[in-house]
Amino acid sequence: MATPLTIADLKKLARRRVPKMFFDYADSGAWTESTYEANESDFGEIKLRQRVLVDMSNRTLETTMIGQKVSMPVALAPTGMTGMQHADGEMLAARAAEEFGVPFTLSTMSICSIEDVASVTTRPFWFQLYVMRDKDFVLDLIRRAKAVKCSALVLTADLQILGQRHKDLRNGLSAPPKLTPKHIWQMATRPLWCLDMLKTKRRYFGNIVGHAKNVANVASVPKFAHEQFDPRLSWADVAWIKEQWGGPLIIKGILDPEDAKAAADTGADAIIVSNHGGRQLDGAPSSISMLPKIVDAVGDRIEIHLDGGIRSGQDVLKAVALGAKGTYIGRPFLYGLGAMGKEGVTLALDIIRKEMDITMALCGKRDINDIDSSIISGRQ
């Protein structure tokens, strides 16, 4: 394939290079995947206003997210098992994000550990926290994130129980993969992926194994994950986490105006409008369709970000126009990582940056901070 020009091009290349079980993990939703599909398709229903004969010179995409300077309003979303898309995946993606000037968010369920990522970066990254039943383990994760000077904590609120993802069940997903004939075949048909994996020691959940109670080896992880996600998580826990963390706090997984109001009441610094990439409640509305309602409800009280369905710079611009101060990309950077490693993550970011820059100009704007609903057809 020639140099990929779109996120869709990277997706095709990743499909050819990543074993099926791990590609499907990145490219799937819950149940019928209707919400996963709506996250993408609903962006297409939003039309932009073309403007002409205006000054399009000296454009800038620089802005801030929770007060931190970013080269464009895009962060790399926390994604589980990123290191199974490509060897040392979280470390490579974090370096690419740092060089590009955008935040990288490390998942609790990462393959590379907090300390691994800190060892290859020079600027603070963000850490995403799942609240477990074992509060000592939660406190230890917070302590470790503080020790490496993570500059924001992203608390995921929409994974108290796990949505059913049919592809993962059919594939028998695990990290590292099981050595059944099916899994061996999937890996054997991806020799470059296998060669890279043989060169690294990071093939399991680095934040958990050796850190969580009774999880001394990778065989203990499935039982831990099944038992530890806390269905009792409440707004009171958010207050406790905020106190323990003591730094910028972002709450991820808000999809309803009432929940947005409750999140704003906690004193968090930002919320992420998100349905977990369509991987939790199938049949829920898309993130972008709920963004204007949540902005109307709490936009004057808390910074609002958006996650879910972004596949282009145009999508980012539409989200910003509808009130998002920042956005997150998960699958686009995973496709890039799976396709080309660190270079692919950089390329995914560059594709989005170029599309955003050109689209902004053709909408008659030069500064991302001036973007508002006036660029949306029918909303001026």
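Residues numbered from 1 in each chain as written. Predicted model: local features only at pLDDT ≥ 70, side-chain atom pairs only at ≥ 80, totals over all residues. Heavy atoms only, no water.

- The protein chain is annotated in an unreviewed UniProt entry as Alpha-hydroxy-acid oxidizing protein of Rhizobium bangladeshense.
- The protein chain has a UniProt comment under Cofactor (unreviewed entry) that states "FMN".
- The annotation that UniProt attaches to the protein chain under Sequence similarities (unreviewed entry) is "Belongs to the FMN-dependent alpha-hydroxy acid dehydrogenase family." (UniProt positions renumbered as here; feature names shortened; annotations may be inferred.)

### Some thoughts on the overall build of the protein chain
Part 1: In terms of helices and strands, the protein chain carries 16 helices and ten strands.
Part 2: In terms of overall dimensions, the protein chain is globule-like: its C-alpha atoms have a radius of gyration of 20 Å, near the 21 Å expected for 380 residues.
Part 3: The dimensions of the protein chain, computed from C-alpha atoms along their principal axes, are 60 × 50 × 40 Å.
Part 4: The long-range fraction of contacts in the protein chain, counting pairs at least 24 apart against all pairs at least 6 apart in sequence, stands at 72%.
Part 5: Put simply, the protein chain shows about 15900 Å² of open surface, and 53% of that area lies on carbon and sulfur atoms.
Part 6: In the protein chain, 48 positive and 44 negative side-chain charges are present, and the distance between their average locations comes to 5 Å. (Helix = DSSP H or I, 4+ residues; strand = E, 2+ residues; numbered from the N terminus. Rg over C-alpha atoms; globule rule 2.2 N^0.38 Å. Contact = heavy atoms within 4.5 Å. Areas by Shrake-Rupley, 256 points an atom, 1.4 Å probe, with all protein chains shown as cover. Lys, Arg positive; Asp, Glu negative; His and termini not counted. Charge placed at Lys NZ, Arg CZ, Asp CG, Glu CD.)

### Topic: the nonpolar core
Part 1: Core analysis: the largest hydrophobic core is formed by 112 residues, its most contacted members being L76 and I271.
Part 2: Ranked by residue count, the leading element in this core is helix α16 (residues 342-362), at eight residues.
Part 3: Dropping the residues within four chain positions of it, I271 is found in contact with I251, I254, A260, A263, I294, V298, I302, E303, I304 and H305.
Part 4: Core analysis: the second largest hydrophobic core is formed by twelve residues, V70, V154, A270 and Y328 among them. (Core = buried A, V, L, I, M, F, W, Y, C linked by side-chain atoms within 4.5 Å. Buried < 20%, exposed > 50% of the residue type's maximum accessible area, 1.4 Å probe, protein only.)

### Looking at the packing of helix α6 (residues 135-147) against helix α11 (residues 235-245)
The packing of two helices is summarised by the inter-axis angle and the distance between the axes.
Part 1: Direction vectors running N to C along α6 and α11 enclose 40 degrees, while the axes themselves pass 10 Å from each other. It follows from the interaxial angle that α6 and α11 lie oblique. As for the relative orientation of α6 and α11, their crossing is right-handed in sense. Only D237, W240, I241, Q244 and W245 of α11 make contact with α6, whose side of the interface consists of K135, V138, L139, I142, A145 and K146.
Part 2: Along the lines of polarity and charge, the residues of the contact of α6 with α11 split into seven nonpolar, one polar and three charged. (Axes fitted to C-alpha atoms, helices over the stretch in contact; angles between N-to-C directions. Parallel < 35°, antiparallel > 145°, perpendicular 65-115°, else oblique. Left-handed = near helix turned anticlockwise from the far one by under 90°. Nonpolar A, V, L, I, M, F, W, Y, C, P; charged D, E, K, R; others polar.)

### What about the sheet that holds strand β5 (residues 126-129)?
Part 1: Read from one edge to the other, the open sheet built from eight strands follows the order β3-β10-β9-β8-β7-β6-β5-β4, with strand pairing classed as parallel. Two strands bound the open sheet, and with one partner strand each, they are β3 (74-76) and β4 (105-106). (Pairing = 2+ DSSP bridges.)

### Side note on the packing of aromatic side chains
Part 1: Per the counting criterion, the structure on display carries four aromatic pairs.
Part 2: For the ring pair Y130 and F229, a centre distance of 5.3 Å and an interplane angle of 80 degrees mean the geometry is edge-to-face. You can see Y130 sitting in the loop between β5 and α6 and its partner F229 sitting in the loop between α10 (221-228) and α11, a full 99 residues away along the chain. In this structure, Y130 and F229 share a single accessibility class: buried.
Part 3: Across from the ring centre of Y25, 4.6 Å away, lies the NZ or CZ of R279, which sits over that ring. (Phe/Tyr/Trp six-rings, centres within 6.5 Å; stacked < 30°, edge-to-face > 60°. Lys NZ or Arg CZ within 6 Å of the ring centre and 35° of its normal.)

### Section: the pairing of strand β8 (residues 270-273)
Part 1: Residues A270 and I272 point to one face of β8 and I271 and V273 to the other, with burial holding for every one of them.
Part 2: Looking at chain direction, strand β7 (residues 249-254) and β8 are connected through four bridges and run parallel. Across the sheet, I254 pairs through a bridge with V273, a residue of β8.
Part 3: Following the chain from β7 across helix α12 (residues 257-265) to the adjacent parallel β8, one finds a crossover that is right-handed.
Part 4: Both β8 and strand β9 (residues 303-307) contribute to a ladder of four bridges, which runs parallel. (Right-handed = clockwise from strand over helix to strand, strands pointing away.)

### Points about the side chain of N207
Part 1: Within the element layout of this structure, N207 appears in the loop between α9 (191-198) and α10.
Part 2: Separated by 3.2 Å, the side chain of N207 and the backbone oxygen of T108 make a polar contact.
Part 3: Residues in contact with N207, not counting those within four places in the same chain, are L106, S107, T108, S110, C112, S113, I114, F127, F137, L141 and R144. (Polar contact = N/O pair within 3.5 Å; in protein donor to acceptor, adjacent residues only side chain to side chain.)

### Focus on the environment of R232
Part 1: Checked against the element boundaries, R232 lands in the loop between α10 and α11.
Part 2: Here R232 falls in the exposed class, since its relative accessible area comes to 55%.
Part 3: Along the backbone, R232 and Q160 are 72 residues apart, and their C-alpha atoms lie at a distance of 7.5 Å.
Part 4: Not counting the four nearest positions on each side in its chain, R232 is found in contact with R133, Q160 and D237.

### Comments concerning the pattern of salt bridges
Part 1: Taken as a whole, this structure holds 18 salt bridges when the rule is applied.
Part 2: Among the salt bridges present, the one from R143 reaches D140, with a minimum N-O distance of 2.6 Å. Separated by three residues within a single helix, R143 and D140 lie in helix α6, roughly one turn from each other.
Part 3: Of the charged contacts in the structure, one is a salt bridge between D350 and R353, with a shortest N-O distance of 2.9 Å. Here the residue D350 and the residue R353 both occupy positions in helix α16, the gap between them amounting to three residues, near one helical turn.
Part 4: Overall, D350 belongs to the buried group, its relative accessible area being 19%.
Part 5: The exposure class of R353 is partly exposed, given its relative accessible area of 29%.
Part 6: Three or more residues are tied together by salt bridges with common partners; here these are D88, D116 and R202. (Salt bridge = Lys/Arg side-chain N within 4 Å of Asp/Glu carboxyl O.)

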